[in-house]
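An overview of the molecular structure
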Amino acid sequence: MTIAPTESLLSPVTLFMQADFVVKAVMIGLVLASIWTWTIILAHGLRLKKISKANEAFERDFWKAEDIDRFYDGPGRADLPSAKVFSAGVAEWRRSTKGKAIDREGTRARLATTMGAAVAAEVDKLSDRLNILATIGSVAPFVGLFGTVWGIMKSFTDIAAQQNTSLGVVAPGIAEALFATALGLFAAIPAVIAYNRLTHVLNRVEARLHRFADGFHATLSRELEVEG
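Reading guide: rules and limits
- Chains are numbered independently. Their residues run from 1 in the order of the written sequence.
- For this predicted model, a pLDDT threshold of at least 70 governs which residues receive local features, and a threshold of 80 or more governs which side-chain atom pairs are given and counted, while totals over whole chains, interfaces and linings are taken from all residues.
- Where side-chain values are given, they derive from all heavy atoms of the structure, hydrogens and water being excluded.
- What makes a nonpolar core is a set of buried Ala, Val, Leu, Ile, Met, Phe, Trp, Tyr and Cys residues whose side-chain atoms join them at distances within 4.5 Å.
- The classification of residues rests on relative accessible area computed with a 1.4 Å probe and restricted to protein chains. Under 20% of the type maximum is buried, over 50% is exposed, and intermediate values are partly exposed.
- Each helix is a run of H or I in the DSSP string that is no shorter than four residues. Each strand is a run of E no shorter than two, and both are numbered from the N terminus.
- Contact definition: two residues touch when any of their heavy atoms are within 4.5 Å.
- All axes are obtained by fitting lines to C-alpha atoms, using only the stretch in contact for helices, and the reported angles, taken between N-to-C directions, cover 0 to 180 degrees.
- Should an angle fall under 35 degrees it is called roughly parallel, over 145 degrees roughly antiparallel, and 65 to 115 degrees roughly perpendicular, with every other angle called oblique.
- If you view the pair so one helix is near and one far, a crossing is left-handed when the near helix is turned anticlockwise from the far one by less than a right angle, and right-handed when it is turned clockwise.
- Polar here means any residue outside two lists: the nonpolar Ala, Val, Leu, Ile, Met, Phe, Trp, Tyr, Cys and Pro, and the charged Asp, Glu, Lys and Arg; Gly therefore counts as polar.
- Expected span of a helix, by definition, is 1.5 Å for each gap between consecutive residues, and there is one gap fewer than residues.
- By salt bridge we mean one thing: a side-chain nitrogen of Lys or Arg within 4 Å of a carboxyl oxygen of Asp or Glu.
- For patch detection, residues must exceed 30% relative accessible area and be free of salt bridges, and they are connected within 9 Å for like charges or within 5 Å for nonpolar side chains (Val, Leu, Ile, Met, Phe, Trp, Tyr).
- For accessible areas, the Shrake-Rupley method is used with a probe of radius 1.4 Å. Any residue's cover is judged against the shown protein chains and nothing else.
- Pairing of aromatic rings covers Phe, Tyr and Trp, the last through its six-membered ring, and needs centres within 6.5 Å; plane angles under 30 degrees mean stacked, over 60 mean edge-to-face, and all others mean tilted.

1. Notes on the nonpolar core
Grouped together as the largest cluster of nonpolar side chains are 51 residues, with contacts concentrated most on Phe58, Val85, Phe86, Leu133, Ile136 and Phe216. Of all elements in the fold, only helix 3 (21–64), helix 4 (68–73), helix 5 (81–97), helix 6 (104–126), helix 7 (130–162) and helix 8 (167–227) reach the threshold of two or more residues within this core. Among the elements that take part in this core, helix 8 stands out by supplying 18 residues, more than any other. Excluding residues within four positions of it along the chain, phenylalanine 86 makes contact with Phe58, Phe62, Ile68, Phe71, Tyr72, Gly76, Phe212 and Phe216.

2. Topic: the packing of helix 3 against helix 7
One can describe the packing of helix 3 onto helix 7 by two numbers: an axis separation of 10 Å at closest approach and a directional angle of 160°. In this view, helix 3 runs roughly antiparallel relative to helix 7, as classed from their interaxial angle. The interaxial crossing formed by helix 3 with helix 7 has left-handed handedness. Touching Val22, Val23, Val26, Leu30, Ala33, Trp36, Thr37, Ile40, Ile41 and His44 of helix 3 are Leu130, Ile132, Leu133, Ile136, Ala140, Val143, Gly144, Phe146, Gly147, Trp150 and Gly151, all from helix 7. Residue composition of the contact of helix 3 with helix 7, by class: 16 nonpolar, five polar and no charged.

3. Quick word on helix 7
Given a rise of 1.5 Å per residue, 33 residues ought to cover 48 Å, and the 48 Å separating the end C-alpha atoms of helix 7 matches this to within 8%. Turning to helix 7, its buried residues are Leu130, Ile132, Leu133, Ile136, Gly137, Ala140, Gly144, Gly147, Thr148, Gly151, Ser155 and Ile159.

4. Description of the side chain of serine 82
Tracing the chain through its elements places serine 82 in helix 5. For serine 82, the contacting residues outside a window of four places in its chain are Asn55, Phe58, Glu59, Leu209 and Phe212.

5. Observations regarding the pattern of salt bridges
By the definition in use, this model includes eight salt bridges. A salt bridge links arginine 110 to glutamate 92; the shortest N-O distance between them is 3.3 Å. Residue arginine 110 is located in helix 6, and its partner glutamate 92 is located in helix 5; the two are separated by 18 residues in the primary sequence. The class of arginine 110 is partly exposed, set by a relative accessible area of 35%.

6. Examining a nonpolar patch on the surface
A cluster of nonpolar side chains, Ile28, Val31, Leu32 and Ile35, forms an exposed patch at the surface whose accessible area comes to about 360 Å². Considering the arrangement of structural elements, one finds leucine 32 in helix 3. Residue classification places leucine 32 among the exposed residues on the basis of a relative accessible area of 53%.

7. Some words on the packing of aromatic side chains
If you walk through the whole model with that rule in mind, you get 14 aromatic pairs. Each ring, one from phenylalanine 62 and one from phenylalanine 212, has its centre 5.3 Å from the other, and the planes form 80°; the classification is edge-to-face. Of this pair, phenylalanine 62 sits in helix 3 while phenylalanine 212 sits in helix 8, and the two are 150 residues apart along the sequence. There is no split in this pair, since phenylalanine 62 and phenylalanine 212 are both buried. Ring plane angle 90° and centroid distance 5.3 Å describe the contact between phenylalanine 62 and phenylalanine 216, whose orientation is recorded as edge-to-face. Of this pair, phenylalanine 62 sits in helix 3 while phenylalanine 216 sits in helix 8, and the two are 154 residues apart along the sequence. The exposure classification of phenylalanine 62 matches that of phenylalanine 216, with both residues buried.

Shape descriptors only; they carry no functional weight alone.
Right, here's the structure in full:
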């Protein structure tokens, strides 16, 4: 019959309500960081999955297209990373070949630079806010540890004031302090795992964009030979 009250005293809500105001602030910050983490994980995970499938479909349609100019005026206007790289290449091609004299080597170099810059720009857009996961993953455990240290210091102060070292006096304060560390790990672990996973997916998207840019560059390079 005495177990239920003990369990209620050690429940997360009770530990939070009885904690020092500094520890409460740490707990609230860590809970908000955890919510922010999961929001980024879900949003970026779904976004990268959707973009990966759309890029595959775009590239498949491109390699089947017989007229690049017609494709550029249609699917080439899509708001996709592959389409942006494709559009950058076509725009540079048109600028470099509109004159009578064509500098083939210069055109090849400009095409490579332009499409490489387009790939980098799209990857930067896709990686937005992933650094937040890295920050939370590295900082949250230390924030939780700060709350734990502060809570333990407060517990020892209370012990000294009451001149009582019984478990009933020590346990609640220690539990509150350790709960801050648990919240820090609760926020950090998913952030680290998600950051590594999403970075891996992003690297695959970047590699695919580079392969597409290289293939398109080769196509335009062969066209330059015909123009020459």
